[in-house]
Amino acid sequence: MLSRDLYRNDPERVRRMLELRRTEAPLDRLLEVDSEWRALLVRLEELKARRNSGSKEIGALFRDGRRDEAEAKRAAMSAVGDEISSVEDQTRVLEEELGALELTVPNLPTDDVPEGPDASANREERCWGTPPTLAFEALAHWDLGPALGIIDFERAVTIAGARFAVLRGAGAALERALTSYMLDLHTRKHGYTEILPPALVNTASLQSTGQLPKFADDLFHLESTDLYLSPTAEVQLTNLHRGEVLDEAELPRRYCAFTPCFRAEAGSYGKDVRGLIRLHQFHKVELVQLTHPDRSAHALGELTGHAEAVLQGLGLPYRVVSLCTGDLGFSAARTTDLEVWLPGQSAYREISSCSSFTDFQARRARLRYRPADGGKARLVHTINGSGLAVGRTMVAVLENYQRADGSVVVPEVLRPYMGGLEVIEPASQSC
């Protein structure tokens with residue numbers, strides 16, 4: 001959430017930045033409630049001081065034997081006590097509303113985020129690799145995978161319903177190979193500590209990272225519990241140290257995790273309904289850094305580079321795109337998307353979003369560090385991104401490495417994870 005000092009001391013700046021985000025966040029009501037709440041706090045302190053002073057006077061009167069005056073003073077103080085109770089109730093109601101309102105206000109974009117109303121204003125920063133020139137009509141993965149016998153959408157519908165997939169044989173092995181390759185790269189070369197967290201998360205964790213209350217409709221909630229299926233390991237990794245104070249010398253903390261992710265995809269009906277791009281359940285390798293505020297921008301560039309390294313190792317062409325103010329996610333202050341080339345769709349598609357959240361998530365999670373000089377604890381900055389979404393990476397491998405006969409070449413870096421398999425042949429799978 002935003003710093004209270006920020007919206008109290010510079011509300012017009014906050015208003016301008018929210019306008020750039022094209023958001024309808026209730027800033028006016030937030031400022032109104034905050035003002036009323038603080039005024040009541042002042043009134044409450046005045047009343048309590050008056051009650052304390054009166055109590056001392058009553059005690060003195062009783063000690064002096066002036067009982068009648070003491071009883072009259074006590075009656076007057078009883079009215080003060082009633083007013084204190086009333087003001088405390090009003091304060092509590094406003095405080096709850098203030099906290100709820102603060103959770104609805106998104107993060108503010110950093111100054112280097114391009115301005116624009118929507119994805120059309122996103123800025124391409126650079127490209128890597130050259131999209132392959134195929135001498136035949138490229139198949140999309142939703143045709144290629146079933147033809148190879150490695151992706152089964154129909155049986156997934158039987159088991160669970162639409163927007164699920166069953167991976168079979170070399171398809172399952174390919175997903176496992178991609179996962180192992182990503183984790184090995186990030187832990188052995190990029191310095192991340194691998195975490196295997198719970199797949200279920202509670203309300204406090206989802207509020208800390210910004211999924212709640214904004215995206216409640218996109219979550220799968222376990223009835224009669226405080227638990228949800230995690231939509232991304234960003235939630236678990238960011239909350240590992242919720243409420244803690246880390247030593248500055250411990251920063252940055254770099255964590256990665258391979259987890260199943262679950263999303264209801266509310267509001268996306270009719271979009272990406274075919275294939276593996278937008279499923280209710282998918283796998284992802286997530287990268288999270290908890291870093292010093294002074295190294296926040298550097299950490300975002302570093303983490304983005306780590307995600308890029310996966311694509312480069314696989315030889316997959318991609319481009320790097322900076323999201324504009326109107327396309328930023330709720331909690332993000334700056335986001336860099338990696339979009340991989342998909343020949344079967346003749347388009348670049350998002351495969352990773354790498355974001356800086358500045359201190360927005362850390363304030364919600366009470367996640368701080370103690371400066372080396374022993375000063376007051378400060379909020380860390382949180383950075384995260386997919387490193388990568390495994391299913392979408394499989395899509396990119398299948399479509400970029402397909403051959404005219406319907407087979408798919410296995411990228412060289414994945415072959416050790418697949419028992420040396422070099423080509424996935426249509427005949428290599430059986431029902």
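Here the structure is a predicted model, which is why all the values come from computation and not from measurement. (Residues numbered from 1 in each chain as written. Predicted model: local features only at pLDDT ≥ 70, side-chain atom pairs only at ≥ 80, totals over all residues. Heavy atoms only, no water.)

### A look at the nonpolar core
Let me state the cut-off plainly: For our purposes a nonpolar core is just a set of buried Ala, Val, Leu, Ile, Met, Phe, Trp, Tyr and Cys residues, chained together by side-chain atoms within 4.5 Å. A simple rule labels every residue: compare its accessible area, found with a 1.4 Å probe on the protein chains alone, to the largest value its type can have, and call it buried under 20%, exposed over 50%, or partly exposed in between. Labels follow the DSSP assignment, with helices taken as runs of H or I lasting at least four residues and strands as runs of E lasting at least two, numbered in each case from the N terminus. Every residue pair with non-hydrogen atoms within 4.5 Å of one another is taken to be in contact.
In this structure, Leu174, Leu178, Leu311 and Leu398 are the most contacted members of the largest nonpolar core, which totals 52 residues. The element that contributes the greatest number of residues to this core is helix H7 (residues 170–189), accounting for 9 residues. What Leu311 contacts, discounting residues up to four positions off in sequence, is Trp128, Leu316, Tyr318, Leu338, Val340, Ile351 and Leu388. Membership of the second largest hydrophobic core comes to 27 residues, among which are Leu47, Val80, Ile84 and Val87.

### Side note on the sheet that holds strand S5 (residues 200–202)
Definition in use: Two strands are counted as paired when DSSP detects at least two bridges linking them.
What the 3 strands build is an open sheet, ordered S5-S7-S6; its pairing is antiparallel. With partners counted over all chains shown, the strands left at the sheet margins are S5 and strand S6 (220–221), one partner each. With 3 bridges joining them, S5 and strand S7 (residues 227–229) adopt antiparallel strand pairing. In the sheet register, Leu200 faces S7, and the bridge partner there is Leu229.

### Some words on the pattern of salt bridges
What counts, and what does not: By definition here, a salt bridge exists when the distance from a side-chain nitrogen of Lys or Arg to a carboxyl oxygen of Asp or Glu is within 4 Å.
Following the criterion strictly, the structure yields 26 salt bridges and no others. The shortest N-O distance in the salt bridge between Asp34 and Arg8 comes to 2.8 Å. Of this pair, Asp34 sits in helix H3 (residues 27–63) while Arg8 sits in helix H1 (residues 4–9); the two residues are 26 residues apart in sequence, bridging distant segments of the chain. Between Arg254 and Glu302 there is a salt bridge, with its nearest N and O atoms 3.3 Å apart. Taken together, the residues span a long stretch of sequence, with Arg254 in strand S9 (residues 253–262) and Glu302 in helix H10 (residues 296–314) at a distance of 48 residues.

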